[in-house]
Structures are given as structure tokens and as C-alpha cells.
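Chain and residue survey
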Amino acid sequence: MASILKAVSHSEEETLRLAEKISLFFKKGDVVILTGELGAGKTIFVKGIARGLGIDTALVNSPSYTIVNEYRGGSKSLFHFDLYRLGNISELYETGWDDYMQKDGIMVVEWGEKGEVNLPIPRYQVSFKILDDTEREINITVIKND
Ligand SMILES: Nc1ncnc2c1ncn2[C@@H]1O[C@H](COP(=O)(O)OP(=O)(O)OP(=O)(O)O)[C@@H](O)[C@H]1O
Ligand SMILES: [Mg+2]
């Protein structure tokens, strides 16, 4: 697991800006897992990615009940998964996960560790740690086989 970036964000806006910059680095077909406790900033980070791609951030909401939201109209499509309410892995495949993998978009997955055994390699992982009310430690790594 190679570290790409480790930073402390001091505000929601700082997390948005960090994600906005990182979004330019992600390519179509990339899978980005977001891990960290409730309220850690995962959805805020997805909003930042959307902003970087030129997608209306108001469209970005946790797809807890629907498992996946699709956002288009930016420089790349963004497929936003949230596995928090996932009962078992077959529900993920029912969303059309394999089809999404073949589409031309960036896949971001909140609570991605819930489906970890079935997630592709290589993939990126963005881990969030709550330090206090406004501070979050953000650690971006790439998970690959070698
Ligand atoms: N530095 C920061 N970065 C991101 N969010 C922050 C920061 N400081 C405070 N916050 C607040 O923390 C909350 C993060 O909410 P968000 O919905 O992104 O969490 P989440 O990790 O997606 O939670 P869930 O697991 O419920 O989906 C927001 O209310 C945001 O304003
Ligand atoms: Mg969320």
C-alpha cells in the first residue's frame, strides 16, 4: 500500500479543495474507496471531486438507500457508491457494479471496506480520521499487488 498523500484538513472547504485538485489525477475506470467513521468527510470529498470535474456539487448526496448515484455533465462521469446499508455483496452486483466497471467514469465508493474482498486491484483508498470538530487527517494510498 503506497502512500500518495497525507494531509490534515482544517475545514470542510479545505477538504473540498484537496479533493478538487486530486480529481484531475483520477482517470476513467479508476476505483476510489473512501473509508472513515460517520461524519468523517467522505461525502464532502466526493463533492470536491465533482467540483473538480465540473459537475454541480448540489447533485452530490450520499446514495445510502439507492447504493449508487450517477453524476454526468462534467469532464468525466462520476459514479458514487455508498455501501453503508449494503446487506450482502450480491446487492452490490444487483446495482450493476460490473457494468459500471466497464463504463467510462470514475468510481467512488463510501464505506468501500464493506465489499473489500470483491474490489478491484489496483485501486485508490482515501482514509479519513476525525481529529476534532473541524480537523480531519486524510491519507491517500494506492492498493496494488506488488
Ligand atoms: N475538515 C473537514 N473536512 C470535511 N468535513 C468536515 C471538516 N470539518 C468539519 N466537517 C464536517 O463534517 C461533516 C462531514 O460529513 P460527510 O457527510 O462528508 O461525512 P461522511 O464521512 O460522508 O459520513 P457518512 O458515513 O455518514 O456518509 C460535515 O458536516 C462537514 O461540515
Ligand atoms: Mg457520506
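These figures come from a predicted structure and were not determined experimentally.

Criteria and cut-off values
Residues numbered from 1 in each chain as written. Chains lettered and ligands numbered in written order. Predicted model: local features only at pLDDT ≥ 70, side-chain atom pairs only at ≥ 80, totals over all residues. Pairing = 2+ DSSP bridges. Helix = DSSP H or I, 4+ residues; strand = E, 2+ residues; numbered from the N terminus. Buried ≥ 20, exposed ≤ 12 C-beta atoms within 10 Å, placed from the backbone. Contact = placed C-beta atoms within 7 Å.

Pairing geometry for strand β1 (residues 2–9) and strand β7 (residues 136–143), over seven bridges, is antiparallel. The residue of β7 that forms the bridge with Leu5 is Ile140. Direction of pairing for strand β6 (residues 123–130) relative to β7: antiparallel, over a ladder of eight bridges. Looking across to β7, one finds that Phe128 is bridged to Ile138. The turn joining β6 and β7, which pair antiparallel and follow one another in sequence, is formed by five residues.

The topology assignment puts Asn139 in strand β7. The exposure class of Asn139 is partly exposed, given the 17 C-beta atoms found within 10 Å. A C-alpha to C-alpha distance of 15 Å links Asn139 and Val109, two positions 30 residues apart in sequence. Apart from residues lying up to four places away in sequence, Asn139 is in contact with Ser3, Lys6 and Ser127.

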